[in-house]
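# Descriptive analysis of the structure
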Amino acid sequence: MKTKNSEFVSLDQFIESNYGNSDNNSRDQFESGYQHFKLGFLLHEARKNQGLTQEELALKVGTTKSYISKIENDVKEVRLSTLKKIVKVGLGGQLHISIDF
């Protein structure tokens, strides 16, 4: 619902006004949290697209349903080697990592 005097701002403007610029510790924490959330969301979507339950994916990669759930819901960080195994063995995909400056 739009109010009479509301102004729309871009996502970047909202983040900067609430978390500061990219040199700010609060902003760094926000960005890190977002990346963990994004990873969990991507794994969840990939698993659903493969028609797998968390339990089925866990069995394929030799872990537990609880662990998969914790990764998908941003409760637990995942090791890179485990992430590679989930993507390759469990989902039949390729993991691509990049570094941006």
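Everything numeric here is computed off the predicted structure, so don't read it as measured data.

Using the residue numbers shown here, the UniProt feature "domain: HTH cro/C1-type" (unreviewed entry) corresponds to residues 43-89. When the span residues 43-89 is considered, its composition is 70% helix and 0% strand, and the gap between its end C-alpha atoms is 13 Å.

Mapped onto the fold, Arg-47 is located in helix 2 (residues 25-49). We classify Arg-47 as buried; its relative accessible area is 5%. Separated by 2.6 Å, the side chains of Arg-47 and Glu-72 make a polar contact.

With that settled, the discussion passes to helix 3 (residues 54-61). Of the residues making up helix 3, those classed as buried are Gln-54, Leu-57, Ala-58 and Val-61. For helix 3, the buried positions fall inside an angular range of 100° around the axis, keeping them on one side. Where helix 3 ends, the next residue or the one after it, Gly-62, has phi of about 75°, a positive value.

Bringing the pattern of salt bridges into the picture now. Evaluated as defined, the whole model comprises one salt bridge. Across the pair Glu-72 and Arg-47 runs a salt bridge whose closest N-O atoms are separated by 2.6 Å. Taken as a pair, Glu-72 in helix 4 (residues 65-72) and Arg-47 in helix 2 lie far apart in primary sequence, 25 residues in all. You can call Glu-72 buried: its relative accessible area is 10%.

Conventions used here
- Residues numbered from 1 in each chain as written.
- Predicted model: local features only at pLDDT ≥ 70, side-chain atom pairs only at ≥ 80, totals over all residues.
- Heavy atoms only, no water.
- UniProt positions renumbered as here; feature names shortened; annotations may be inferred.
- Helix = DSSP H or I, 4+ residues; strand = E, 2+ residues; numbered from the N terminus.
- Buried < 20%, exposed > 50% of the residue type's maximum accessible area, 1.4 Å probe, protein only.
- Polar contact = N/O pair within 3.5 Å; in protein donor to acceptor, adjacent residues only side chain to side chain.
- Arc of directions from axis to C-beta.
- Salt bridge = Lys/Arg side-chain N within 4 Å of Asp/Glu carboxyl O.

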